[in-house]
Amino acid sequence: MGVTDSVRGGTGPAGRGSVLAVDAGNSKTDVAVVAPDGEVLGAARGGGFQPPAVGVGVAVDGLAEVVGRAFAEAGVGSVDHVSACLANADFPVEEERLAAELGTRAWGATVEVRNDTFAILRAGVAEPRGVAVVCGAGVNCVGMRPDGRTARFPALGRISGDWGGGWGLAEEAMWHAARAEDGRGGPTALAAALPAYFGLDTVYALVEALHLEHIPAVRRHELTPVLFATAAGGDPVARSLVDRMAEEVVAMATVALTRLDLLGEETPVLLGGGVLAARHPLLDARVREALAAAAPKAVPRVVTAAPVLGAALLGLDRVGAPRTVHARVRAHYEGG
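Here the structure is a predicted model, which means the values were calculated and not measured. (Residues numbered from 1 in each chain as written. Predicted model: local features only at pLDDT ≥ 70, side-chain atom pairs only at ≥ 80, totals over all residues. Heavy atoms only, no water.)

### Overview of the environment of Ala-256
Point 1. Tracing the backbone shows Ala-256 in helix α9 (residues 236-259).
Point 2. Excluding residues within four positions of it along the chain, Ala-256 makes contact with Val-131, Cys-141 and Ala-151. (Helix = DSSP H or I, 4+ residues; strand = E, 2+ residues; numbered from the N terminus. Contact = heavy atoms within 4.5 Å.)

Spelled out as structure tokens, the structure:
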């Protein structure tokens, strides 16, 4: 089911909260402490969570600093349950390792670890039922039902069958632009638009600047909005990449709906992550058009709520909190 528990004691010196919600992505971490009545007692933000790069222990050490600040603001020393939605928790064995490490920190009596995409899904639905497709730096999809059944993908890039996301789209755009400029491929306006974004005259100069790190590698993703603008201007090559991204989003959503036996039921399909949340008109329209054809009863909508809300709601689901408590937490994050 993609969920791992670790039981641990943890009565803190300053009292106890109900749920510690953790949403830890590659670029940032948000933490919240929720009281039994749904009041958000404390919150904190920290840096990215990348256990493959630094190791599980060091990555959780980074979480500890953020959790410590949230606990201090909340005036608690522990919680009943830790609901952690973590980047790079792509396989059950990774969830187990992370849950075990979180369990040693004695933050809560129980620990539940899920991939961070589940936080986006739960933030966008009134009950734990639906599918979420996240297109940010990469692309991922998860689905869940109230009975605990889930659907998911490894989402490790091309080795696990994925295509697209912000980094992937930027790379594809560069590939077509380079081949257009040197004659190996057909013409595309991307050959002028991509280098122009960085104030350069040719794709050759842009490739050189990226290779020699005169332009930091982390800035490559900035080319994705240029791709969308070029597609909106009518360039066929750019448009084909946008269309393929939409097809990938819909393919993942449809498979998840099918695995959960939800294809024939009215079901929310949440669209999240920087690429989808930006609502680029061409991509948004194409996703909705293709989804209507593949899954007519799916109800697509963009998620704008903070993912840490989803982690909190998953925790409240686990401890059996009443709907009024869920509503109070949601109102805190959505301004209701």
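### Comments concerning the layout of surface pockets
Point 1. Its boundaries defined by the atoms lining it, the largest pocket holds a volume of some 1400 Å³.
Point 2. Lining the largest pocket we find 45 residues, and of these Asn-26, Gly-136, Ala-137, Gly-138 and Val-139 sit closest to its centre.
Point 3. When residues of the lining of the largest pocket are traced back to their parent elements, those giving at least two are α4 (117-123), β8 (139-144), α5 (165-182), α7 (203-211) and α10 (274-277).
Point 4. The leading source of residues in the lining of the largest pocket is α5, at six residues. (1 Å grid on protein atoms, 1.4 Å probe; cavity = no way out; pocket = protein on both sides within 12 Å on 5 of 7 lines; lining within 4 Å. Points joined across faces, edges and corners; volume = space filled by probe spheres on them.)

### Focus on the packing of aromatic side chains
Point 1. As enumerated under the stated definition, the model contains one aromatic pair in all.
Point 2. Ring centres 4.9 Å apart and planes at 85° place the aromatic pair Tyr-197 and Phe-198 in the edge-to-face group.
Point 3. Among the residues examined, Phe-198 registers a relative accessible area of 14% and is labelled buried.
Point 4. The side chain of Arg-114 reaches across the aromatic face of Phe-118, ending 5.3 Å from its centre. (Phe/Tyr/Trp six-rings, centres within 6.5 Å; stacked < 30°, edge-to-face > 60°. Buried < 20%, exposed > 50% of the residue type's maximum accessible area, 1.4 Å probe, protein only. Lys NZ or Arg CZ within 6 Å of the ring centre and 35° of its normal.)

### Let's talk about the pairing of strand β6 (residues 108-115)
Point 1. Taken across its eight residues, β6 has six buried, putting it largely inside the fold.
Point 2. The pairing of strand β5 (residues 78-86) with β6 spans seven bridges and is parallel. Across the sheet, residue Ser-83 finds its bridge partner in β6, namely Glu-112.
Point 3. For the crossover that starts at β5, traverses helix α3 (residues 92-103) and ends in the parallel β6, the hand is right-handed. (Pairing = 2+ DSSP bridges. Right-handed = clockwise from strand over helix to strand, strands pointing away.)

### Considering empty space enclosed by the protein
Point 1. Under the definition given, this model contains one cavity of 30 Å³ or more.
Point 2. By volume, the largest cavity amounts to about 30 Å³.
Point 3. Lining the largest cavity are Leu-271, Val-275, Leu-276, Arg-279, His-280, Leu-283, Asp-284, Val-287 and Val-302.
Point 4. Breaking the lining of the largest cavity down by element, the ones donating at least two residues are α10 and α11 (281-294).
Point 5. When the residues that make up the lining of the largest cavity are grouped by side-chain class, the tally is six nonpolar, one polar and two charged. (Nonpolar A, V, L, I, M, F, W, Y, C, P; charged D, E, K, R; others polar.)

### A look at the sheet that holds strand β10 (residues 267-272)
Point 1. Strand order in the open sheet made by the five strands is β9-β8-β7-β10-β11, with mixed pairing throughout. Both edges of this open sheet fall to β9 (150-152) and β11 (298-302), since each of them pairs with a single strand only. Within the sheet, the average angular offset between the axes of one strand and its neighbour, ignoring direction, is 15°.
Point 2. For strand β7 (residues 130-135) and β10, the ladder comprises four bridges, and the chain directions are parallel. In the sheet register, Ala-132 faces β10, and the bridge partner there is Leu-270. (Axes fitted to C-alpha atoms, helices over the stretch in contact; angles between N-to-C directions.)

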